[in-house]
Amino acid sequence: MDLGDANIRALRVLGEGSFGRVFLCVERNGPKERKVCVKRIIMRNPKNQLRLIKEEIYIISQLRHPHIVQFIRSFMHSGTVNIVMEYAPNGTIRDVIHTVNQSNGRLGERRLLHYLSDMILGLEYLHIRHVIHRDIKPENMLLDANDRVKYADFGISNVHVPASQQPWQVIGTPLYMAPEIMCGAKCDFKSDIWSLGLVLYELCLGRNPFQSLLRPTDPFEQVRCVVKVMAQPRLDCQVIRRRYKPIWARLCELMVVYKPEQRICLPDLICIDPCITQMIYSRYFNYDY
Ligand code: ATP
Ligand code: MG
């Protein structure tokens, strides 16, 4: 399929969303070829959308970190904006959860620690730059060839988010959405911590704790049910305690806390347990990174 750039050849579709499609492509650069990923956004309302998309692209073009999918360039073609980025070949954290579930297994704590450290490091990089991801969920955490996590899909992230644009108007699933966002409050760095806590919970147990609440098909009814359950101070993680060392349940309990001001912040998360601190610091001082 012709994406409108002579140096890019689409191989197959990797994913599909409300915005358009994500393609696996080969990019030619002189005699060299490499696999890249192209996210093609169809602009339904170019007048309003283009400025926002350009702002988004500017933000992601400024990011460079081992745990963030690398932006390469972008181009426009017949009503579409195409974002060329690094290709992460090993699927997503959703696939990891799926595989663990299918084998009735349990993720090893070493692997859990690796994933969590990657996620914390990527998030720390974003937050230091005043970027709130706002759509952290297993599908948006890709895995590279070395099984390292990379955040993708900054479709709704923004710098200094204006209060008038709330992501709950845009996102499909409320399963990872912080309660303050559902209640229409301003999105905060702590909202990403909530979502991260839920991803960790799901990596431990193979399911999202709010999953069963989504049975009603009416989206407003869904949101109402989830808010009802979340109106408890924190999540009960006893089930995790039975299967893993106490730190994993404790981490989830500190992250999935209803009130953002009582929710753990990223710097405290790094210091909460020596094994996490040690892992994070060994990465800081790894100059190959
Ligand atoms: P939106 O949430 O903005 O509607 P989306 O979630 O459908 O969009 P993405 O998350 O960017 O869009 O991509 C959809 C899927 O495509 C991902 O879950 C992943 O499976 C795949 N994908 C996206 N980017 C890459 C990439 N760089 N490398 C490999 N696979 C990717
Ligand atoms: Mg996505």
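Reference entry: report on the structure contained in this document. It should be emphasised that the depicted structure is a prediction, and the values quoted were computed from it without experimental measurement.

With that settled, consider the site of ligand 1. Around ligand 1 lies a shell of 20 residues, among which Phe 19, Lys 39, Glu 86, Ala 88 and Asp 153 are the nearest. Between ligand 1 and the protein, one listed contact pairs a nitrogen atom with a backbone N or O atom of Glu 86 at 2.8 Å. A distance of 3.0 Å separates an oxygen atom of ligand 1 from a polar backbone atom of Glu 139. Expressed as a share of its isolated accessible area of 610 Å², the protein-covered part of ligand 1 is 81%. Elements represented by at least two residues in the shell around ligand 1 include exactly strand E1 (8–16), strand E3 (32–42) and strand E5 (80–86). Ranked by residue count, the leading element in the shell around ligand 1 is E1, at three residues. Looking at the shell around ligand 1 residue by residue, the classes come out as nine nonpolar, five polar and six charged.

Look at helix H5 (residues 189–205) against helix H8 (residues 246–255): their axes get within 8 Å of each other, and the N-to-C directions meet at 150°. When the axis of H5 is compared with that of H8, the two are roughly antiparallel. When the axes of H5 and H8 are compared, the crossing they make is left-handed. Residues Ile 193, Trp 194, Leu 196, Gly 197, Leu 200, Tyr 201 and Cys 204 of H5 form the contact with H8, whose own contacting residues are Trp 248, Leu 251, Cys 252 and Met 255. When grouped by side-chain class, the residues that make up the contact of H5 with H8 number 10 nonpolar, one polar and no charged.

The subject of this paragraph is the pattern of salt bridges. All told, the structure shown has 17 salt bridges when counted by the stated rule. One salt bridge in this structure joins Arg 94 and Glu 139, with 2.9 Å as the shortest N-O distance. Residue Arg 94 is found in helix H2 (residues 93–102), and its partner Glu 139 is found in the loop between strand E6 (131–132) and strand E7 (141–143); the two are separated by 45 residues along the sequence. Arg 106 is the partner of Glu 109 in a salt bridge, and the nearest nitrogen-oxygen pair spans 3.0 Å.

The next thing to look at is the environment of Gly 4. When you line up the elements, Gly 4 lands in the segment before E1. Along the chain, Gly 4 and His 77 lie 73 residues apart, while their C-alpha atoms are 5.7 Å from each other.

A few words on the sheet that holds E5. Ordered by their spatial adjacency, five strands build an open sheet running E1-E2-E3-E5-E4, and the pairing between neighbours is antiparallel. Both outer strands of the open sheet, E1 and strand E4 (71–77), are each paired with one neighbouring strand and no more. Strand-to-strand twist across the sheet, computed as the mean angle between neighbouring axes with direction ignored, equals 30°. Across seven bridges, the pairing between E3 and E5 is antiparallel. Counted as the bridge partner of Ile 41 is Val 81 from E5.

Calculation notes
- Residues numbered from 1 in each chain as written.
- Chains lettered and ligands numbered in written order.
- Predicted model: local features only at pLDDT ≥ 70, side-chain atom pairs only at ≥ 80, totals over all residues.
- Heavy atoms only, no water.
- Near = heavy atom within 4 Å.
- Polar contact = N/O pair within 3.5 Å; in protein donor to acceptor, adjacent residues only side chain to side chain.
- Areas by Shrake-Rupley, 256 points an atom, 1.4 Å probe, with all protein chains shown as cover.
- Helix = DSSP H or I, 4+ residues; strand = E, 2+ residues; numbered from the N terminus.
- Nonpolar A, V, L, I, M, F, W, Y, C, P; charged D, E, K, R; others polar.
- Axes fitted to C-alpha atoms, helices over the stretch in contact; angles between N-to-C directions.
- Parallel < 35°, antiparallel > 145°, perpendicular 65-115°, else oblique.
- Left-handed = near helix turned anticlockwise from the far one by under 90°.
- Contact = heavy atoms within 4.5 Å.
- Salt bridge = Lys/Arg side-chain N within 4 Å of Asp/Glu carboxyl O.
- Pairing = 2+ DSSP bridges.

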